[in-house]
Amino acid sequence: MKLTRPHRPRTNPLIHSKPRNLCASPNSTPKDDDENDDPHFVSNLSDVVRGKQSWKMAFSDPFISSSLKPHHVEKVLIQNIRNPRLALRFFNFLGLHKSFNHSTTSFCILIHALVQSSLFWPATSLLQTLLLRGLSPNEVFQSLLNSFKKFNCSSSLGFDLLVQNYVQNKRVLDGVVVVRLMRECKILPEVRTLNALLNGLVRSRHFNMVLQLFDELVNVGLRPDAYMYTAMVKSLCELKDLHKANEVIRYAESNGCELSVVTYNVLIHGLCKWQRVWEAVKIKNLLSRKGLKADMVTYCTLVLGLCKVQEFEVGMALMKEMIEMGFVPSEAALSGLMEGLRRKGNIEDAFDLVNKMGEVGVMPNCLLTMR
DNA sequence: GTAGGGTTAG
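Cut-offs applied
The numbering scheme is per chain: residues are counted from 1 as the chain's sequence reads. Key to labels: chains lettered from A, ligands numbered from 1, both in the order written. The predicted nature of this model means local features are confined to residues of pLDDT at least 70 and side-chain atom pairs, given and counted, to a pLDDT of 80 or more, with totals for whole chains, interfaces and linings taken over all residues. As a rule here, side-chain values come from all non-hydrogen atoms in the structure, and water together with hydrogens is ignored. Helix numbering and strand numbering both begin at the N terminus, where a helix is a DSSP run of H or I of at least 4 residues and a strand a DSSP run of E of at least 2. Put simply, a residue is near a molecule or strand once any heavy atom of it comes within 4 Å of that molecule or strand. Any pair of N or O atoms that falls within 3.5 Å is considered a polar contact. Within protein, one atom must be able to donate a hydrogen and the other to accept it, and sequence-neighbouring residues count only if both atoms are side-chain atoms. Ten residue types, Ala, Val, Leu, Ile, Met, Phe, Trp, Tyr, Cys and Pro, are classed as nonpolar, four, Asp, Glu, Lys and Arg, as charged, and the remainder, Gly among them, as polar. We call two residues in contact when some of their heavy atoms are within 4.5 Å. We define a salt bridge as a side-chain nitrogen of Lys or Arg found within 4 Å of a carboxyl oxygen belonging to Asp or Glu. Note on exposure labels: buried denotes an accessible area under 20% of the residue type's maximum, exposed denotes more than 50%, and partly exposed covers the range between, all computed with a 1.4 Å probe on protein chains only. Throughout, disulfides are identified as pairs of cysteine sulfur atoms within 2.5 Å of each other. Orientation is described by axes fitted as lines to C-alpha atoms, over the contacting stretch for helices, and by angles from 0 to 180 degrees between their N-to-C directions. Put simply, angles under 35 degrees are roughly parallel, angles over 145 are roughly antiparallel, angles from 65 to 115 are roughly perpendicular, and the rest are oblique. Handedness of each helix crossing follows the sense of rotation of the near helix against the far helix: counterclockwise by less than a right angle gives left-handed, clockwise gives right-handed. UniProt positions are given in the numbering used here, feature names are shortened, and annotations may be inferred rather than shown by experiment. The nonpolar core is taken to be a set of buried Ala, Val, Leu, Ile, Met, Phe, Trp, Tyr and Cys residues, with the residues joined through side-chain atoms within 4.5 Å. Note on aromatic contacts: the rings of Phe and Tyr and the six-membered ring of Trp form a pair at centre separations within 6.5 Å, being stacked when their planes are under 30 degrees apart, edge-to-face when over 60 apart, and tilted otherwise. His residues and chain termini do not enter the charge count, which takes Lys and Arg as positive and Asp and Glu as negative.

**Q** Give me the lowdown on the environment of Arg-205, citing residues and values where you can.
**A** Mapped onto the secondary structure, Arg-205 falls in the loop between helix 12 (191-203) and helix 13 (207-218). Expressed as a C-alpha distance, the spacing of Arg-205 and Leu-239, which sit 34 residues apart in the sequence, is 9.9 Å.

Written out as structure tokens, the structure is:
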């Protein structure tokens with residue numbers, strides 16, 4: 001239902017302060033308009049936004065609605081930047097109820113303002129809407145940067161949100177573009193943001209990109225954490241640069257970074273993948289010296305790695321060790337080993353394993369193949 | 001938020 005026109009329309013403060021350049025050609029850029037604008041119009045807009053009266057009422061005059069331009073809104077947002085919730089409500093009011101076509105600048109001002117107040121969810125949501133406009137990562141970054149500089153923002157998390165958004169939408173390479181632009185402007189992403197990006201790159205098998213990005217950021221002072229080192233080790237392993245993978249771990253250790261068993265498991269898996277199982281076993285044996293313990297993944301990875309090079313007896317020994325330590329082997333490791341033992345005709349060990357498993361209540365599916 | 005098990009995007 002449409003609200004009726006106010007009884008005293010002349011009290012609408014906006015009506016008295018319409019911008020002078022109503023007849024400006026539609027092609028004139030907002031920048032040209034800026035200088036000529038009646039400043040009262042914008043400040044009255046701000047008053048209305050902050051005031052108690054109904055926005056619907058104040059903006060019901062079609063003349064006002066039609067003379068309101070994105071650069072006016074930008075100014076109102078800036079004047080209310082300390083109150084991002086209010087600014088957002090106004091922004092949404094215009095967008096939802098007036099179908100107002102906001103400028104990219106308005107989006108960026110609000111995104112930064114919301115982030116400064118830790119209002120990340122609405123900031124992300126705004127960013128998503130902005131990205132629907134199909135801007136290039138370069139364009140979005142430049143717009144964010146302009147407002148970032150203009151308002152002397154204390155937090156650069158708006159840029160992080162952009163990178164995170166690209167990662168979530170599987171646009172990892174666009175995320176890389178943004179991180180590189182950030183670096184050029186001496187803005188460092190959060191370690192968590194970067195880790196999300198690096199893991200996205202690993203998932204999409206852009207391993208060389210992981211190495212490059214890591215170097216670029218460490219060179220400008222970023223301090224990697226265990227997660228970041230793990231992504232590096234994984235990438236190096238996939239690229240078969242096992243020596244460098246080892247070096248990265250040594251480097252992390254010498255820098256006092258507390259690695260978990262996961263990083264070592266990644267290296268162990270890499271070594272197994274390239275048939276360097278004995279080195280992998282060595283890594284596992286050195287874990288206790290670092291205050292770490294081999295876990296299920298360590299053992300299963302090694303057992304499968306040993307099967308790959310037909311070392312079923314050693315695989316069997318490790319399997320026993322892991323069962324003794326109370327781990328229940330994965331179906332994959334179990335089946336791999338059983339199948340190998342069976343093929344080699346080592347039925348004895350195979351049945352030994354079946355009995356051991358019976359004791360802990362696990363029966364491998366592959367028993368069906370052992371008839 | 002990082003790891004293993006045949007598994008990979010665009």
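**Q** So what about the protein's contact with DNA strand B? Which residues, and what values?
**A** Neighbouring DNA strand B are 21 residues, the closest being Asn-195, Thr-230, Asn-265, Asp-295 and Ser-330. Each atom of DNA strand B within 4 Å of the protein was classed as base or backbone; sugar and phosphate made up 42%. Taking Asp-225, its side chain carries an N or O atom lying 3.3 Å from a base nitrogen of DNA strand B. Between DNA strand B and Tyr-227 there is a distance of 3.3 Å, counted from a base nitrogen to a side-chain nitrogen or oxygen. Among the elements of the structure, helix 12, helix 14 (226-238), helix 16 (261-273) and helix 18 (296-308) are those that each provide at least two residues to the surface near DNA strand B. Broken down by class, the residue content of the surface near DNA strand B amounts to 8 nonpolar, 7 polar and 6 charged.

**Q** Lay out the side chain of Thr-230 with the relevant residues and their values.
**A** Following the sequence through the fold, Thr-230 ends up in helix 14. Of the polar contacts made by the side chain of Thr-230, one reaches the side chain of Thr-263; its length is 2.8 Å. What Thr-230 contacts, discounting residues up to four positions off in sequence, is Val-262, Thr-263 and Val-266.

**Q** Kindly report on the pattern of salt bridges, identifying the contributing residues and their values.
**A** Oppositely charged side chains can form a pair if their charged atoms are brought close together. All chains considered together, the criterion is met by 11 salt bridges. Close ionic contact of Arg-171 with Asp-174 constitutes a salt bridge, the shortest N to O distance being 2.8 Å. Among the salt bridges present, the one from Arg-343 reaches Glu-339, with a minimum N-O distance of 3.4 Å. Here Glu-339 and Arg-343 lie together in helix 20 (residues 331-343), a separation of 4 residues that amounts to about one turn. Residue classification places Arg-343 among the exposed positions, given a relative accessible area of 68%. Of the residues examined, Glu-339 reaches a relative accessible area of 24% and is grouped as partly exposed. Salt bridges here are not isolated pairs; linked through shared partners, they connect Arg-205, Lys-234, Glu-238 and Lys-273.

**Q** An account of the state of the cysteines is requested, with residue identities and associated values reported.
**A** Taken as a whole, this structure holds 0 disulfides when the rule is applied. Cysteine Cys-185 is unpaired, with the sulfur of Cys-153 as its nearest cysteine sulfur at 14 Å.

**Q** Can you tell me about the packing of helix 13 against helix 14, naming the residues and giving the values?
**A** As a packed pair, helix 13 and helix 14 sit with axes 9 Å apart at the nearest point and diverge in direction by 135 degrees. Overall, the two elements helix 13 and helix 14 adopt an arrangement that is oblique. The handedness of the crossing between helix 13 and helix 14 comes out as left-handed. Residues Phe-207, Val-210, Leu-211 and Phe-214 of helix 13 form the contact with helix 14, whose participating residues are Met-228, Tyr-229, Ala-231, Met-232, Ser-235, Leu-236 and Glu-238.

**Q** Residues and numbers for the UniProt feature "repeat: PPR" (unreviewed entry) in chain A, please.
**A** Under the UniProt annotation, "repeat: PPR" (unreviewed entry) lies at residues 190-224, 225-259, 260-294, 295-329 and 330-364. End-to-end, the C-alpha atoms of residues 190-224 are 10 Å apart, and along that stretch the chain is 71% helix and 0% strand. Across residues 260-294, the secondary structure splits into 66% helix and 0% strand, with the terminal C-alpha atoms separated by 10 Å.

**Q** So, the nonpolar core: which residues are in play, and what are the values?
**A** Ranked by size, the top nonpolar core spans 118 residues in total, and within it Phe-59 and Leu-197 carry the most contacts. When residues in this core are grouped by element, the largest group, 8 residues, is from helix 14. Beyond its immediate stretch of four places on either side in the chain, Leu-197 contacts Val-163, Val-167, Val-172, Gly-175, Val-176, Val-179 and Leu-213.

**Q** Summarise the packing of aromatic side chains; cite the residues concerned and give the values.
**A** Scanning the model with the defined rule gives 10 aromatic pairs in all. Judged by centre distance (5.7 Å) and plane angle (85 degrees), the ring pair of Trp-55 and Phe-90 falls under edge-to-face. Of this pair, Trp-55 sits in helix 3 (residues 55-58) while Phe-90 sits in helix 6 (residues 84-97), and the two are 35 residues apart along the sequence. No difference in accessibility class separates Trp-55 from Phe-90, as the two residues are buried.

**Q** Tell me about the packing of helix 12 against helix 13, and please be specific about residues and values.
**A** Helices that pack against each other are described as a pair by the angle of their axes relative to one another and the distance between those axes. As a packed pair, helix 12 and helix 13 sit with axes 8 Å apart at the nearest point and diverge in direction by 155 degrees. Of the possible angle classes, the one that applies to helix 12 and helix 13 is roughly antiparallel. Judged by the twist between their axes, the crossing of helix 12 over helix 13 is left-handed. Between helix 12, through Leu-194, Leu-197, Leu-198, Leu-201 and Val-202, and helix 13, the contact on the second element is made entirely by Phe-207, Met-209, Val-210, Leu-213 and Leu-217. When its residues are assigned to classes, the contact of helix 12 with helix 13 shows 10 nonpolar, no polar and no charged.

**Q** Mind laying out the side chain of Asp-349, listing which residues take part and the relevant values?
**A** Along the chain, Asp-349 turns up in helix 21 (residues 347-360). In this structure, Asp-349 is buried with no salt-bridge partner, the nearest side chain bearing the opposite charge being Lys-320 at 4.9 Å. At 3.0 Å, the side chain of Asp-349 and the side chain of Asn-346 are in polar contact. Sequence-distant contacts of Asp-349, that is, excluding residues within four places in its chain, are made with Glu-313, Met-316 and Leu-341.

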